[in-house]
Every structure is written in C-alpha cells, then in structure tokens.
Amino acid sequence: MNPPSRYLVTSALPYANGPLHIGHLAGAYLPADAFVRFLRLSGKDVVYIGGSDEHGAAIKIKALKEGVTPQEIVDKYHAMIKKAFEEIGISFDIYHRTTEKIHHETSQDFFRTLYKSGAFTELETEQYFDESAGQFLADRFIIGTCPRCQHPEAYGDQCENCGSTLSPTELISPKSTISGNTPVLRTTKHWYLPLEEHETWLRAYITHGMLDGKEHHYPEEWKKHVIGQCKSWLDAGLQPRAITRDLDWGVDVPPEIEGSEGKKLYVWMDAPIGYISATKEWAQQHKKDWELYWKDEETALVHFIGKDNIVFHCLIFPVILKSYGGFNLPVNVPANQFVNLEGQKVSTSKGWAVWIHEYLKSFPDKQDELRYYGFKIMPELKDSDFTWKGYQDAVNNELVNNLGNFIHRVLVLTNKYYNGVVPVIDESISINAPLELGLPTWHDSELLDLFDRLHDYRTYIKDFDFRSALKMLMEISTTGNQLLQNNEPWKQEKTDPDEVKVVMNLGLQYVTALSVAVRPFMPFTSDKIRELLALPPIKEKGEFVDLMDALSEGKHLIAAGHKIKKAQHLFTKITDEEIQLQMDALMNSKVEAAGAEEIQHLKSIATFDDFSKLDLRTGKITAAEKVEKADKLLKLTVDLGFEKRTVVSGIAGTYDPESIVGQDIVLVANLAPRKIKGVVSQGMVLLAEDKDGKLGFVSAPEGWAKGDVVR
RNA sequence: GGCGUGGUAGCUCAGCCGGUUAGAGCGCAGGAUUCAUAAUCCUGAGGUCGGGAGUUCAAGUCUCCCCCACGCUACCA
C-alpha cells in the first residue's frame, strides 16, 4: 500500500447536551489534534473535522425538563463546547453542527440513496402512542417503573438507576413524558439496516484489512481492543438495526418516501454522516472539492473515538458508506479507553468531572499543561486515571523542572555571555558528550543524534503512540540538561570560552528543534518558544520536514549571529494550595450533585383493590444455590409452612447462597410463575434496596410462623 | 455465564514474531553542582513479571485452568 497523499481525520462528535470534560479531551480530541498537527508539520494535505451532535431524544427531553426548545439547548452547548475546543487548542479545520441545513440535506441524500437501492428493510412493530399528543413516543419519552430494580423513573431504553438496557414494553405502568398519560400500543413502520447481510465483507475488512478483494489496511496497526470488540459483535451475530424513530427533533426521513411522516433518522445514523456534511461545508468555504477527501483512493480516513463508539465506526458506518457506494472506509479507528477521575468513573450527573471550561478559568494560560497531562495519561490500552496530584507532579517535574528549565538555562546563558546573539563556533572543537561524562563529541555529531531522536519521534506519532512521542521530547530536553551539566559553561567560560560557544550554540539548536517538535502536543508553548527565540511562528506547513532536512544536511536550525530575546519562564509551578482548591471543588460538586439527586417520586396511586390482589406470606429460605450461567441469580427454596416454593431471585450480587439459608423473608406468593434461565420461579422475595443497589431482606419479627399473611 | 481487553518495582507505564544479570519516568536514599522557578547531573536501593500447571535447551513473552479490573452481552418478576 502506498502512503496516502491526503488525510481526512475526524474526532467523535460530542453530544450537545453538556459541557466538555477531560475524558472527552484525552479520549478523542487530543490524539487527533496531535496527529493532524503533525501531519501539517510534515507538509501533508489534511482536513480535520469536528462538530456537535445535536439531535436525538436526550436533547429533546432535556429541553422539556428545562422548559426551553431543543434548539436553545444545542445552541447553548454547541457554543460552549466550541469555545472550549478553541481555547484548549484543538485545531479543527471546521467545527460544524448537525442542525445545519447542509447536514440535513446530506443525511437525507444518504437515506434516499440507500432506500432506493434497497439497502433497508421495513418492519412493522408495536410502539407506544400518546393519544392526547397524537404521536408515537420514542423510547426516551416513556418512563415507568423499571422491571428489574423497581426504580420508578426508568426510561424506555434504559434504567439509569440499575443500568439495565430495556425496551419500552418492559416498563411497568408506562407513562408518556409529554402528557403524563398512559400510552397505548399501535403499529408503526420503521426502516432497518440489515447488518447481518454485510457480515462477510465486514469480517474480511476487520480481521484481514481486505476490502473488495484488495488490501485496504494492515489490521496489525489497529488497536487490539478495537478488533476484539468488532469480532465479538461479528461472532455474536449482527442484528438488523432500526435507523428511524418517531420523534420530532432530528433529520426528517425524506418526505417523498411513503410513510415518512413523523419519522426522523435515528441519531446514530445522522451523527457520523455529520463528518461528511462538515467536510462539504469546509470545502465550500475554502473552494475545495470535498469528494477528493471522501472518495479518492489516495485519501486516508481516520476516526478518533472513545471505546463506546467502536461498533458504530467500525461496523455500522462502514456499512452505510459502502451501501451508498464510492466512499472510503476508515484505514484506522484508534479508539481510546476511558479516563477515570481520582479513581472513580467520570460522571456528569454525580458531579464527578473536570470540565474544560472550568479548568481554563482556574488555570488561565495553562492550556498546554492540561494537554501535556492529558497525553501522559492517555488511555490508549486501558482505562487511566486523572488525579490532581498526578497533574501537579507532571507539570512541576517535567514541564517546569525539565523542559522549561532547560530552555530557560540556555536563554539566560546566551544572554549573559553573548548578549543574546547566537555564537559563531569552530565546529572542530570537541565538547563533553551529554550522555557519558569524559567522552568527547562534536557539534555536528550531536545534531545527527538529534535527527535520530526526531526520526523515532515521527515514527511514534505515525503509530498513534503519542505517549512514547511525548517521552522522546522529554528525552531531548533531558539530553540538553546533561549537555549543560557535563560542560559547565558557568565554569568553562573563564577558561575555555570557545568550547562554551559550541555548547551554547548546540543548546540553541536543541531549543529551536523543540520549538517545532513540541507543537503537536503543546502548540501554545511552541509559539512562546518561537517568540523567545525571535523566530517566526510555526504555521504548520511542513516545518518538521524542513527541520529534518536541515539536520540531515548538517545545517544549523538557528543561525549564528541571530539575536534572541531575554529569557522568560515558559511554565510555572502548580502549588499545593491550587491542587487543594481543585480537590475541594470536586468534592463540593459531588456533594451538590448528591443533594440534587432527584426526589424519589412515588408511583401512581394504587387502590386498595390493587393491593388486595397480592398475597404476601412470611416464609423461610431453606436452600439456595447459584443459577447456572447467570451472574446475579440465585435459585431459592422457600418454605411457606403449607408448601415449598422454588423462587429465582436476582440477589447473587449481594448474597452468597450459603449465607442466606435460614433467612426469614416475605414472599409475593400469588405472582404468576415465570421461567427464568430454565428454572420456573414461583413468587418473588421482597427486598429493600438502597440507592447504591445494596439489598436487604424484608421479614416479620423472628419466631413468626411460616405462611402468615402480610398486609 | 459468554465474548473482548488488561493485571510487570511504592505510583504511572515500556517490554515486537520466546533467548544473555526484566527496563523507563515519578517517588525514595546518597553524592556532585549553582547558569536556572532548591531547578540540574551522577549513583544506588526496590520486582518469585496476578496465581497454578504444561510445552521448550530456554517463557513476562506460547498453551490450558483459576483469580482480579474494565467494557460489551445474557439473566434480575
């Protein structure tokens, strides 16, 4: 495979219902940004696409809750997210949004084309319909009692309390969130993408990198967990996936299609198409041909995402693209894992996050510090942990003490000895090697050594190994510190000033090289170094290539006679107080979030008759064993005195079978029997559950007879 | 339960298709040094490579079983 002549790089579109946090940043934006900045520095033709994902039921719901329109919600968060990206230095060529007209047109074009080619199947299903509102209800618009955990406000697709995936028809006493009425089931038609029909080529594409009988990419270059996850889906058997919903916030199904009324594209269908519409918009603005970036064989498509998006980008979106025809498929999908915060999962609702916009307020002009730490803890292979202490250590030890200090030393000494002018040197003079004291070395051989390091640096970035690349930068800086230490200009200046000139000149070459090399990771610092060196700012137009060419030809990167500016500190230390402040803020927001946790609404009124239908009895567990092939289920034998029952209960997460034999319980004794995992369950054991999911048995006082009525 | 990914020094992690005394950064201990934001440089201590069995002349690296973490998935009447 030839190296691509141009790149189209995308970062997952953030969902516009909340601000941006560190997990987003380190997962899908920092790596993409470093990658595209490096490509630009390498003189490549690259377009970097981003934008807000603004459709879907979750946004509609949020709007209803806050009493505003969905448009107001997405306007607010789009602006907020866009600003955060700009300020933290994510260099999108365009940051678009899926509510734009061009996106609606593009998505509809996709739908239309796929529809005409017969890529969809139609299916009639029963869906809840709100008669007073006159519309079908998307999963998210139905709330009811969770059949698993009894949480009274579970959504139709998911219970946020216990995390179970649900379907609306499973909910107990469902209610429309629009009218509050009980919805009725009606048949409705939807379009489905029959993923299972694409399994063969998808498998070849994922596991062998083969597409249409040709080699498309090297699967070895993909992350293992990405391929593993895809294989897992393929092996489990792909299912048809609904691509439309009954909803009023989203992209319309093209009106000329029969039955399209009231139907919108499912968000996950229109979101990735957003990459394409954004590219079109960018192309219009810049008088370019968007198709070159999506359809030309020599363009490489790369999607940066978090692990939650693997299936969409590796299986579903490729199916859409290929069904349309003529589009490139991704040559790599470098998905990252998740970033935890101080050992716990990042959670917006629990107030456990580091928000980018708040960080920027607390630490103005410290964008690169956060970027640096973000790269350092990038969850490339497994989940990682953001800690404020780790952030402080990284900034203070590595940026201030190592990199910043090295550059500062060079600048201070150059100003002190040469009045800020890069000294002319005699290249034949040897100096002490930075690596091992006592060995001699020369200016030109050290520049070649620098070339080698930068060459490795380039290889790391090409392999998406950003952390190794970052480490290489620090190594260069460390080498610079060693160079100074081993040659001690502050001593030698009195005895051997010509030798010192060589050392200082070399140091300045290092700093100049760093001003370029540091850029993909720390663009703000790059600008600052250029400023201090009185060199023109980096425009990201092939400067890294120029740098490497110069080094390989033995040319200097900064010329003798050039005058630099006075030294200034690039980074300042993060104090313990600042860290404590952040930790306190984090704890406070957690407490606030816990306090704001929704008041547990009671279920709707039940009449006495409703209650009397239940026959509750005291009983005792006389035997318990695990249900095979189930994590949470125990098969219990309950003695009611007058008979024994077999009951399956989902309590294995809290109780070991041995520990509950002899436990007094209350049983719903007249519940309709149900077969679970092959065992018929004849009743239900009552348990209290706290908000962390901990369970506790409900029982009559000790010594009560078995089989007594509870009411 | 099934599938996937990880489990290497106190902490964060490198260790490619198996091959000499298992590496780096931070932290820690000792020393050198003062140009620099007490920064820098050198040296050192510290690991039965999650546990067990096996293949092999040789295993952190391959195979099997088990344990733990994370994710997807099934089960919660």
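Residues numbered from 1 in each chain as written. Chains lettered and ligands numbered in written order. Predicted model: local features only at pLDDT ≥ 70, side-chain atom pairs only at ≥ 80, totals over all residues. Heavy atoms only, no water.

**Topic: the packing of aromatic side chains**
1) Next: Taken as a whole and judged by the stated rule, the model has 43 aromatic pairs.
2) Next: Here phenylalanine 110 and tyrosine 324 contribute two aromatic rings whose centre-to-centre distance is 4.4 Å and whose plane-to-plane angle is 40°, an arrangement assigned as tilted. Within this pair, whereas phenylalanine 110 is found in helix α4 (residues 101-116), its partner tyrosine 324 is found in helix α9 (residues 310-324), the two being separated by 214 residues in sequence.
3) Next: A residue is classified by how much of its surface remains accessible, and phenylalanine 110, at 1% relative accessible area, is buried.
4) Next: You can call tyrosine 324 partly exposed: its relative accessible area is 23%.
5) Next: Aromatic rings pair up to connect Tyr7, Phe35, Phe38, Phe304, Phe375, Tyr457, Phe464, Phe466, Phe521 and Phe544 into one cluster.
6) Next: A cation sits over an aromatic face here: lysine 280 above tryptophan 290, 5.0 Å from the ring centre.
7) Next: Between lysine 322 and the ring centre of tryptophan 201, over which it is positioned, the NZ or CZ distance is 4.8 Å. (Phe/Tyr/Trp six-rings, centres within 6.5 Å; stacked < 30°, edge-to-face > 60°. Helix = DSSP H or I, 4+ residues; strand = E, 2+ residues; numbered from the N terminus. Buried < 20%, exposed > 50% of the residue type's maximum accessible area, 1.4 Å probe, protein only. Lys NZ or Arg CZ within 6 Å of the ring centre and 35° of its normal.)

**Some remarks on the pattern of salt bridges**
1) Next: Taken as a whole and judged by the stated rule, the model has 37 salt bridges.
2) Next: Lysine 101 serves as the salt-bridge partner of glutamate 105, at 3.2 Å between the closest nitrogen and oxygen. Of this pair, glutamate 105 and lysine 101 are both found in helix α4, four residues apart, which corresponds to roughly one turn of the helix.
3) Next: Residue glutamate 105 is classed as partly exposed on the basis of its relative accessible area of 41%.
4) Next: Put simply, Asp33, Arg37, Arg40, Asp93, Arg371, Arg519, Asp527 and Glu540 are held in one network by salt bridges that share partners. (Salt bridge = Lys/Arg side-chain N within 4 Å of Asp/Glu carboxyl O.)

**Things to note about α4**
1) Next: Over its 16 residues, α4 runs 22 Å from end to end, which matches the ideal 22 Å to within 8%, given 1.5 Å per residue.
2) Next: Every buried residue of α4 is listed here: Ile102, His103, Thr106, Ser107, Gln108, Phe110, Phe111 and Leu114.
3) Next: As for α4, its buried residues are in contact with β3 (94-97), β9 (184-194), β13 (244-246), β14 (263-265), α7 (267-286) and α9.
4) Next: Positioned one or two residues after α4, glycine 118 has a phi angle of 75°, which is positive. (Expected span 1.5 Å × (residues − 1). Contact = heavy atoms within 4.5 Å.)

**Structural notes on the sheet that holds strand β18 (residues 344-345)**
1) Next: Strand order in this open sheet of three strands is β18-β17-β19, and the pairing throughout is mixed. What marks the edges here is a single partner per strand, and that holds for β18 and β19 (384-386).
2) Next: The pairing of strand β17 (residues 339-341) with β19 spans three bridges and is classified as parallel. Bridge pairing links asparagine 340 to aspartate 385 in β19. (Pairing = 2+ DSSP bridges.)

**Quick notes on the sheet that holds strand β1 (residues 6-11)**
1) Next: Spatial strand order, β3-β2-β1-β15-β16: five strands in an open sheet with parallel pairing. Because the sheet does not close on itself, it has two edges, and the strands there are β3 and β16 (335-336).
2) Next: As paired elements, β1 and strand β2 (residues 45-52) share five bridges and run parallel to each other. Paired with threonine 10 across the two strands is isoleucine 49, which belongs to β2.

**A closer look at the protein's contact with RNA strand B**
1) Next: Within the structure, RNA strand B sits among 50 residues, and Lys345, His569, Phe571, Leu671 and Arg674 are positioned closest to it.
2) Next: The sugar-phosphate portion of RNA strand B accounts for 71% of its atoms within 4 Å of the protein, the bases making up the rest.
3) Next: Measuring from a sugar or linking oxygen of RNA strand B, one finds a backbone N or O atom of glycine 683 at 2.8 Å.
4) Next: For the surface near RNA strand B, the secondary structure elements donating two or more residues are α6 (224-236), α12 (388-418), α14 (466-487), α15 (489-495), β24 (644-649) and β26 (674-676).
5) Next: Ranked by the residues each element gives to the surface near RNA strand B, the list is headed by α12, at ten residues.
6) Next: Counted by class, the surface near RNA strand B contains 15 nonpolar, 17 polar and 18 charged residues. (Near = heavy atom within 4 Å. Polar contact = N/O pair within 3.5 Å; in protein donor to acceptor, adjacent residues only side chain to side chain. Nonpolar A, V, L, I, M, F, W, Y, C, P; charged D, E, K, R; others polar.)

**What about a nonpolar patch on the surface?**
1) Next: Among the surface-exposed residues, Phe608, Phe611 and Leu614 lie close enough to one another that they form a single nonpolar patch of about 320 Å² accessible area.
2) Next: For leucine 614, a relative accessible area of 41% translates into the label partly exposed. (Patch = residues over 30% accessible without salt bridge, like charges linked within 9 Å, V, L, I, M, F, W, Y side chains within 5 Å. Areas by Shrake-Rupley, 256 points an atom, 1.4 Å probe, with all protein chains shown as cover.)

**Overview of the side chain of serine 277**
1) Next: Its place among the elements puts serine 277 in helix α7.
2) Next: Polar contacts involving the side chain of serine 277 include one to the main-chain carbonyl oxygen of glycine 274, which spans 3.4 Å.
3) Next: Ignoring sequence-local partners within four residues, the contact set of serine 277 consists of His96, Ile102, His103 and Thr106.

**Notes on the environment of glutamate 643**
1) Next: Here glutamate 643 is to be found in the loop between β23 (634-639) and β24.
2) Next: On the basis of relative accessibility, which here comes to 33%, the residue glutamate 643 falls in the partly exposed class.
3) Next: For the pair glutamate 643 and valine 9, spaced 634 residues apart in sequence, the C-alpha separation works out to 67 Å.
4) Next: A distance of 2.7 Å separates polar atoms of two side chains, one belonging to glutamate 643 and the other to arginine 645.

**What to know about the domain arrangement of chain A**
1) Next: Domain annotation for chain A reports domain 1 (6-112 + 268-352), domain 2 (119-246), domain 3 (370-552) and domain 4 (595-710).
2) Next: Between the C-alpha centres of domain 3 and domain 4 the distance comes to 67 Å. (Domains from an automatic or database assignment.)

**A look at the pairing of β2**
1) Next: In terms of burial, β2 is largely enclosed, as seven of its eight residues are buried.
2) Next: Crossover β1 to β2 through helix α1 (residues 22-41) is right-handed. (Right-handed = clockwise from strand over helix to strand, strands pointing away.)

**Overview of the confidence of the model for chain A**
1) Next: Here chain A averages 87 in pLDDT, while 92% of its residues score no lower than 70.
2) Next: For chain A, per-element mean pLDDT is lowest for strand β7 (residues 154-155), which scores 68, and highest for helix α8 (residues 290-295), which scores 97.
3) Next: The low-confidence segment residues 597-601, where pLDDT is below 50, has seven contacts with residues more than four positions distant or belonging to other chains.
4) Next: Here the prediction assigns the complex a pTM of 0.86, and the interface score ipTM is 0.88. (pLDDT = per-residue confidence, 0-100.)

**So, the nonpolar core**
1) Next: Ranked by size, the top nonpolar core spans 172 residues in total, and within it Phe386, Leu454, Tyr457 and Phe521 carry the most contacts.
2) Next: Apart from the residues within four sequence positions on either side, tyrosine 457 is in contact with Phe38, Ala469, Met472, Leu473, Ala517, Pro520, Phe521 and Phe544.
3) Next: Core analysis: the next-biggest nonpolar cluster, separate from the first, contains 17 residues, Ile621, Ala624, Leu667 and Ala669 among them. (Core = buried A, V, L, I, M, F, W, Y, C linked by side-chain atoms within 4.5 Å.)

**Re the state of the cysteines**
1) Next: This model, assessed by the stated rule, comprises zero disulfides.
2) Next: No disulfide involves cysteine 230; its sulfur sits 3.9 Å from that of cysteine 314, the nearest cysteine. (Disulfide = S-S within 2.5 Å.)

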